[in-house]
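What follows is each chain in one-letter form.
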2 protein chains.
Amino acid sequence: MPETCPHNSAISCGNCRLGSICLPLALETDDVVKLDEIVQRGRPLQKNEHLYREGDHFTSVYAVRSGAIKAYRLTGDGQEQVTGFYFPGEIIGMDGISKDQYACSAKALETSAVCEIPFNRLEELSTQVPSMQRHFFQLMSQEITSDQQLITLLSKNSAEERIASLLISISARNARRKLSRTHFRLPMSRTDIGNFLGLTVETVSRVISRFNKQGLIAVENKEVTLLDLEGLKAVANVASDS
Amino acid sequence: MPETCPHNSAISCGNCRLGSICLPLALETDDVVKLDEIVQRGRPLQKNEHLYREGDHFTSVYAVRSGAIKAYRLTGDGQEQVTGFYFPGEIIGMDGISKDQYACSAKALETSAVCEIPFNRLEELSTQVPSMQRHFFQLMSQEITSDQQLITLLSKNSAEERIASLLISISARNARRKLSRTHFRLPMSRTDIGNFLGLTVETVSRVISRFNKQGLIAVENKEVTLLDLEGLKAVANVASDS
DNA sequence: TAATACACTTGATGCAAGTCATGGTGTCTC
DNA sequence: GAGACACCATGACTTGCATCAAGTGTATTA
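Just so it is clear, the structure is predicted and the values come from calculations on it, not from any experiment.

1. So, the protein's contact with DNA strand C
Argument step 1. In the vicinity of DNA strand C there are 17 residues, among which Ala159 and Thr203 of chain A together with Ser205, Arg206 and Ser209 of chain B approach most closely.
Argument step 2. A breakdown of the atoms of DNA strand C within 4 Å of the protein gives sugar and phosphate a share of 63%.
Argument step 3. Within the backbone of alanine 159 of chain A, one N or O atom sits 2.8 Å away from a phosphate oxygen of DNA strand C.
Argument step 4. Taking lysine 222 of chain B, its side chain carries an N or O atom lying 3.1 Å from a phosphate oxygen of DNA strand C.
Argument step 5. In the surface near DNA strand C, the residues fall into two nonpolar, nine polar and six charged.

Following this line, the structure appears as structure tokens:
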């Protein structure tokens, strides 16, 4: 049966529409087959369903195939801290490797499909296929640099800069997946955005309203259109090509 | 000539006093020899000397052998953002893997010695020695989780909590190296501390003075003694065993 | 030992974002 | 379609930390 629904599991790495933006970058056809053999595709996750929880025994990393996943950890006093949003083609769960248990929880923001990649199999494959090892090192390094960007954002930037940066980041990640750079649906709540960016819901709401009034964006609930991407980049204080 | 000075380069992974807290954890003796063959030990870095700069072509990761290194990146508008402090036994430079160029600059806070580990050699060794691959995956994952902890700190915690957490973190890393848990020298300036924690120098200074008055710590310039580690942990809002 | 620069401390004031409160709007359930 | 509930928007008030402005060490050099 050919693929019809985006959450369909009758799919292989070879024919996945996400193609090289996921793991199989730079792999030979033979190696893609090997990867395909270890990837497990279960039923889709429903909204609010957990992929794994903080403290669970670490077994696998996951590639998001459709939908969106939020990663978060609990602070000492039980508050939630959102550490990232993961879109199709992105890999989640690499924080679990160091202590053999997940350091974050991962929860679906909407109905989502993921590919499970058992880590011990991935390790084996990585020793056999150097380009696989390299690619995985790169993915982890990317996670480090994106966390460091967030650190900078949190300690140096204003509320407006933070929110503009998030919108630009989502836009760029959409473009990578050949989706619209200017029009998309925010899969997460305002609360999640605020939590991720170190702001309160009220501030997020106010800033989004302000951007709307200023004509930088057009918002209707979760639907966002970036009307002035350059203007938004100016607000975000980022170089124009990023 | 036997080792006399802590910055001495006449040393090998086999006899390094840092032992397993660095890379050679869980390696067989033969494998340590292999690692030793690829590790390069240059002259010590003087204070304020750069190990590498943001944007430099990525070639190697570095193990700190003595001294202390600070990692930082420049924001769009040229401000500095300190992303981490690295002490003996810790590995720096893993952020460079993803784009084949360093995402941070690394600068010595005091006279320091480092072991250079060329990354392509490390990759080769990793395909040959699975425990090496695993250890390096773990190190990178650890970097991810520590960045995520910092993200939480920056977006959820007060100035007092941030500074208490930093003191506790340095204390714990000292303990790992079999050094005093309660008495140490801060190798970085107050400005660097503030920059790292998302605070101004003034706030750092005030909080440290307050901790001093409250009898939690005793400070004299860069020399710090933690007088009440439990009290400090209470201020930091962390579980007592971390 | 004086001179200079730089790192740190301390106090006074202002502001960006948090908190609290209220009302609106969309969405799910029965 | 009524009720319940989560989510979102917006106004009034509060506050923690930044900013500004001196002043006080503490190294470094001549």
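What follows continues from the structure just given.
2. With respect to the domain arrangement of chain A
Residues and elements named next belong to chain A.
Argument step 1. You can read the domains of chain A as domain 1 (29–139) and domain 2 (156–241).
Argument step 2. Each of domain 1 and domain 2 has a C-alpha centre, and the two are 26 Å apart.
Argument step 3. Taken together, the 14 residues of domain 1 in the interface contact 11 residues of domain 2.
Argument step 4. A buried area of about 1,100 Å², summed over both sides, lies between domain 1 and domain 2, and 54% of it is on carbon and sulfur atoms.
Argument step 5. The interface formed by domain 1 and domain 2 includes three salt bridges.
Argument step 6. Note that arginine 173 is salt-bridged to glutamate 90, the shortest N-O span being 2.9 Å.
Argument step 7. Along the contact surface separating domain 1 from domain 2 lie seven residue pairs in polar contact (both at pLDDT 80 or more).
Argument step 8. The element that contributes the greatest number of residues to the side of domain 1 that touches domain 2 is strand E5 (residues 80–86), accounting for seven residues.
Argument step 9. Of the residues belonging to the side of domain 1 that touches domain 2, the class tally is seven nonpolar, three polar and four charged.

3. Remarks on the state of the cysteines
Argument step 1. Overall, the coordinates contain zero disulfides over all chains when judged by the stated rule.
Argument step 2. For cysteine 16 of chain B, which is in no disulfide, the shortest distance to another cysteine sulfur is to cysteine 115 of chain B and amounts to 6.3 Å.

4. Some words on the pairing of strand E7 (residues 105–108) of chain B
Within a regular beta strand, the side chains point alternately toward one face of the sheet and then the other, so they alternate between its two faces.
All names here are of chain B.
Argument step 1. Across the two faces of E7 the burial is the same, with Ser105 and Lys107 and Ala106 and Ala108 all buried.
Argument step 2. Relative to E7, strand E2 (residues 50–52) is paired through two bridges, and the arrangement is antiparallel. Residue histidine 50 lies in a different strand from E7, and its bridge partner there is lysine 107.
Argument step 3. With four bridges joining them, strand E4 (residues 69–74) and E7 adopt antiparallel strand pairing.

What counts, and at which threshold
- Per-chain numbering applies: the sequence of each chain, read as written, is numbered from 1 onward.
- Chain letters and ligand numbers both follow the written order, the letters beginning at A and the numbers at 1.
- For a predicted model such as this one, the threshold for reporting local features is a pLDDT of at least 70, and the threshold for listing and counting side-chain atom pairs is 80 or more; totals across whole chains, interfaces and linings nevertheless cover every residue.
- Neither water nor hydrogens contribute to the side-chain values; these are computed over all heavy atoms in the structure.
- Whether a residue is near a molecule or strand depends on its heavy atoms: if one lies within 4 Å, it is near.
- Two N or O atoms form a polar contact when they lie within 3.5 Å of each other; inside protein one atom must be a possible hydrogen donor and the other a possible acceptor, and for residues adjacent in sequence the pair counts only when both atoms belong to side chains.
- Throughout, the ten residues Ala, Val, Leu, Ile, Met, Phe, Trp, Tyr, Cys and Pro are labelled nonpolar, Asp, Glu, Lys and Arg are labelled charged, and all others, Gly among them, are labelled polar.
- Boundaries of every domain are those given by an automatic assignment or by a domain database.
- Residue contacts follow a heavy-atom distance rule, with two residues in contact if any of their heavy atoms lie within 4.5 Å.
- Simply put, the buried area is the total loss of 1.4 Å probe accessible area from both parts when two parts are fitted together.
- The salt bridge definition used is simple: a Lys or Arg side-chain nitrogen within 4 Å of an Asp or Glu carboxyl oxygen.
- Put simply, DSSP H or I for four residues or longer makes a helix, DSSP E for two residues or longer makes a strand, and each gets a number counted from the N terminus.
- To count as a disulfide, a pair of cysteine sulfur atoms needs to be within 2.5 Å.
- Remark: exposure states derive from per-residue accessible area (1.4 Å probe, protein chains only) relative to the maximum for the residue type, with buried under 20%, exposed over 50%, and partly exposed in between.
- Only strands joined by at least two bridges in the DSSP assignment are considered to pair.

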